[in-house]
Amino acid sequence: MSTPDPARLLTLAEQILAGDVDTPRARSSRSAAILGRTALERLVQDLCARHGLEVSAASMRVQLACLSAVTPSVASEANMAWWGLSRACHQHAYEIAPSHDEVRRFLTRVRQLSG
């Protein structure tokens with residue numbers, strides 16, 4: 001089974017935040033963050049592949065380091081977005097769920113990287 005392209009994942013995440021997809025409101029920001037992070041991970045793999053780097057079996061930290069070696073400015077933006085979306089994906093009992101605006105900002109950053 002293949003993963004949908006990053007643009008489709010981002011569109012679905014944006015639709016969830018807009019309320020256009022039936023998702024429990026309490027989980028919508030996390031759902032959108034998971035889709036956004038998946039889109040970013042796919043995008044990083046695609047960007048690395050364009051530079052002849054096969055990184056799909058590596059951890060995301062390694063993938064971002066490889067991307068940094070070939071395109072530092074893009075890697076820096078991708079790194080910030082990935083960490084923010086990762087934080088938004090994980091729920092801890094002592095934390096408030098990420099806001100829609102917070103997740104939307106990270107999704108916008110990922111969409112800009114997919115350019």
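Draft legend 1. Representation of the environment of Thr38 in the model. In this fold, Thr38 is placed in helix α2 (residues 25-50). Along the backbone, Thr38 and Met80 are 42 residues apart, and their C-alpha atoms lie at a distance of 14 Å.

Draft legend 2. Summary view of the nonpolar core. Core analysis: the biggest nonpolar cluster contains 30 residues, and Leu40, Val44, Leu67, Ala78, Val103 and Val110 have the highest contact counts within it. Taken together, the elements giving at least two residues each to this core come down to α1 (6-18), α2, α3 (60-70), α4 (72-89) and α5 (100-114). The element contributing the most residues to this core is α2, with nine residues. In this view, Val103 contacts Leu17, Ser29, Ala32, Ala33, Ala88 and Pro98; residues no more than four positions away in its chain are not counted.

Draft legend 3. Structural detail: the confidence of the model for the chain. Residues with a pLDDT of 70 or more make up 97% of the chain, whose mean pLDDT is 92. Within the chain, α2 has the poorest average pLDDT of any element, 93, and α3 the best, 96.

Draft legend 4. How the structure looks around the packing of α4 against α5. Contact geometry of α4 with α5 gives a least axis separation of 10 Å together with a crossing angle of 150°. Classified by the angle between their axes, α4 and α5 sit roughly antiparallel to one another. Here the hand of the crossing between α4 and α5 comes out left-handed. In this structure, α4 contributes Val74, Glu77, Ala78, Met80, Ala81, Gly84, Leu85, Arg87 and Ala88 to the contact, and α5 contributes Glu102, Val103, Phe106, Arg109, Val110 and Leu113.

Draft legend 5. α2, seen in detail. For α2, which comprises 26 residues, the first-to-last C-alpha distance of 38 Å matches the rise-based estimate of 38 Å (1.5 Å per residue) to within 8%. Looking one or two residues past α2, Gly52 carries a phi angle of roughly 80°, positive in sign.

What counts, and where the lines are drawn
Residues numbered from 1 in each chain as written. Predicted model: local features only at pLDDT ≥ 70, side-chain atom pairs only at ≥ 80, totals over all residues. Heavy atoms only, no water. Helix = DSSP H or I, 4+ residues; strand = E, 2+ residues; numbered from the N terminus. Core = buried A, V, L, I, M, F, W, Y, C linked by side-chain atoms within 4.5 Å. Buried < 20%, exposed > 50% of the residue type's maximum accessible area, 1.4 Å probe, protein only. Contact = heavy atoms within 4.5 Å. pLDDT = per-residue confidence, 0-100. Axes fitted to C-alpha atoms, helices over the stretch in contact; angles between N-to-C directions. Parallel < 35°, antiparallel > 145°, perpendicular 65-115°, else oblique. Left-handed = near helix turned anticlockwise from the far one by under 90°. Expected span 1.5 Å × (residues − 1).

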